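Chains, contacts and geometry: an overview
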Amino acid sequence: EELDLNEVRGCTKCVLCENRTQTVFGEGDAEAKIMFIGEGPGQREDESGRPFVGRAGALLEKEIAAMGLQRSQVYIANAVKCRPPNNRTPAPTEVAACSPFLQRQIQIIRPTVIITLGGPAAKLLLDIREGITRARGKWFTYDGLMPEGPQIPVMPTFHPAYLLRSYTAENRRRVWSDLQKVMERVG
Ligand code: URA
């Protein structure tokens, strides 16, 4: 809450601040074992100040329910805290400007596992060049808290907005398989 109130809400570190209605910090259980990281707020999120409240959010909640959890039991954040105009992909400079906030959220939550949703979040956390189609379903490690903090296992999966656009049996099976790997690991 302090990070949100004192630093994120008034942030002007990149141009995304110019068009936002409000920042979208993230929400959930501060003790969550599972942290989801998406891309950035859309229109509904910009209006409400909450992450994943639109159509992609409804699908994410279904995924969380399928894992036997409630939304309030996980933590949900985004790579950038302000809505990119017309929902464009956030520019690397914007993601970089915002990343210290996410890093501190991860430090505070210290989740057992991070699930990145879509390409930008995976690229940010894992510094990988391969696209999400190749990276998803494989375990990676987030080293951003080292050396003081732990390494955190990361499972990249498709973004629910992508899944909505490409709602094939194959893609649904892939996402479910990624989530099951996380459930096995979290226990
Ligand atoms: N898509 C995202 O990546 N994040 C949100 O909060 C909503 C939609």
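Residues numbered from 1 in each chain as written. Predicted model: local features only at pLDDT ≥ 70, side-chain atom pairs only at ≥ 80, totals over all residues. Heavy atoms only, no water.

Some remarks on the sheet that holds strand β6 (residues 152-157)
- Pairing is mixed in the open sheet, where 6 strands are placed in the order β1-β3-β2-β4-β6-β5. In this open sheet, the two strands that pair with only one neighbour each are β1 (27-28) and β5 (140-142).
- Relative to the sheet, helix α4 (residues 92-109) contacts β2 (34-38), β3 (75-78), β4 (113-117), β5 and β6, its axis offset from that of β2 by approximately 170 degrees. (Pairing = 2+ DSSP bridges. Helix = DSSP H or I, 4+ residues; strand = E, 2+ residues; numbered from the N terminus. Contact = heavy atoms within 4.5 Å. Axes fitted to C-alpha atoms, helices over the stretch in contact; angles between N-to-C directions.)

Examining the site of the ligand
- The full set of residues close to the ligand is Gly 38, Glu 39, Gly 40, Glu 45, Pro 51, Phe 52, Asn 78 and His 159.
- At 2.9 Å from an oxygen atom of the ligand is found a main-chain nitrogen or oxygen belonging to Phe 52.
- Within the complex, 91% of the 240 Å² of free accessible area of the ligand lies under protein.
- Comparing atom positions with the cavity grids shows the ligand to sit within the largest pocket. (Near = heavy atom within 4 Å. Polar contact = N/O pair within 3.5 Å; in protein donor to acceptor, adjacent residues only side chain to side chain. Areas by Shrake-Rupley, 256 points an atom, 1.4 Å probe, with all protein chains shown as cover. 1 Å grid on protein atoms, 1.4 Å probe; cavity = no way out; pocket = protein on both sides within 12 Å on 5 of 7 lines; lining within 4 Å. Sits in = over half its atoms within 2 Å of the grid points.)

Quick notes on the layout of surface pockets
- There is about 670 Å³ of room inside the largest pocket.
- Together, 29 residues line the largest pocket, and Ala 56, Asn 87, His 159, Ala 161 and Arg 165 are the ones closest to its centre.
- Among the elements of the structure, α2 (43-48), α3 (55-66), α5 (119-126), α6 (132-135) and α7 (160-165) are those that each provide at least two residues to the lining of the largest pocket.
- Tallying contributions element by element places α7 first for the lining of the largest pocket, with 4 residues.
- Residues that form the lining of the largest pocket fall into these classes: 11 nonpolar, 11 polar and 7 charged. (Points joined across faces, edges and corners; volume = space filled by probe spheres on them. Nonpolar A, V, L, I, M, F, W, Y, C, P; charged D, E, K, R; others polar.)

Looking at unusual backbone geometry
- Between Met 146 and the following residue, Pro 147, the backbone shows a cis peptide bond with an omega angle of 0 degrees.
- Residue placement: Pro 147 occurs in the loop between β5 and β6.
- The residue Asn 86 is not glycine, and still its phi comes out positive at about 55 degrees.
- Counting through the fold element by element, Asn 86 comes out in the loop between β3 and α4.
- In this structure, Asp 127 is a non-glycine residue whose phi angle is positive, near 55 degrees.
- Within the secondary structure layout, Asp 127 lies in the loop between α5 and α6.
- With relative accessibility at 72%, the residue Asp 127 sits in the exposed group. (Buried < 20%, exposed > 50% of the residue type's maximum accessible area, 1.4 Å probe, protein only.)

Overview of empty space enclosed by the protein
- What the rule picks out here adds up to 1 cavity of 30 Å³ or more.
- Taken as a whole, the largest cavity spans an internal volume of roughly 100 Å³.
- Lining the largest cavity are 15 residues, and of these Cys 11, Cys 14, Lys 81, Cys 82 and Cys 98 lie nearest its centre.
- Considering each element in turn, the lining of the largest cavity owes the most residues, 4 residues, to α4.
- In terms of residue class, the lining of the largest cavity is built from 10 nonpolar, 1 polar and 4 charged.

Overview of the pairing of β3
- On β3, burial covers both faces: Tyr 75 and Ala 77 on one face and Ile 76 and Asn 78 on the other are all buried.
- Judged from the 4 bridges that link them, β2 and β3 form a sheet pairing that is parallel. Its bridge partner being in β3, Gly 38 is matched across the sheet by Asn 78.

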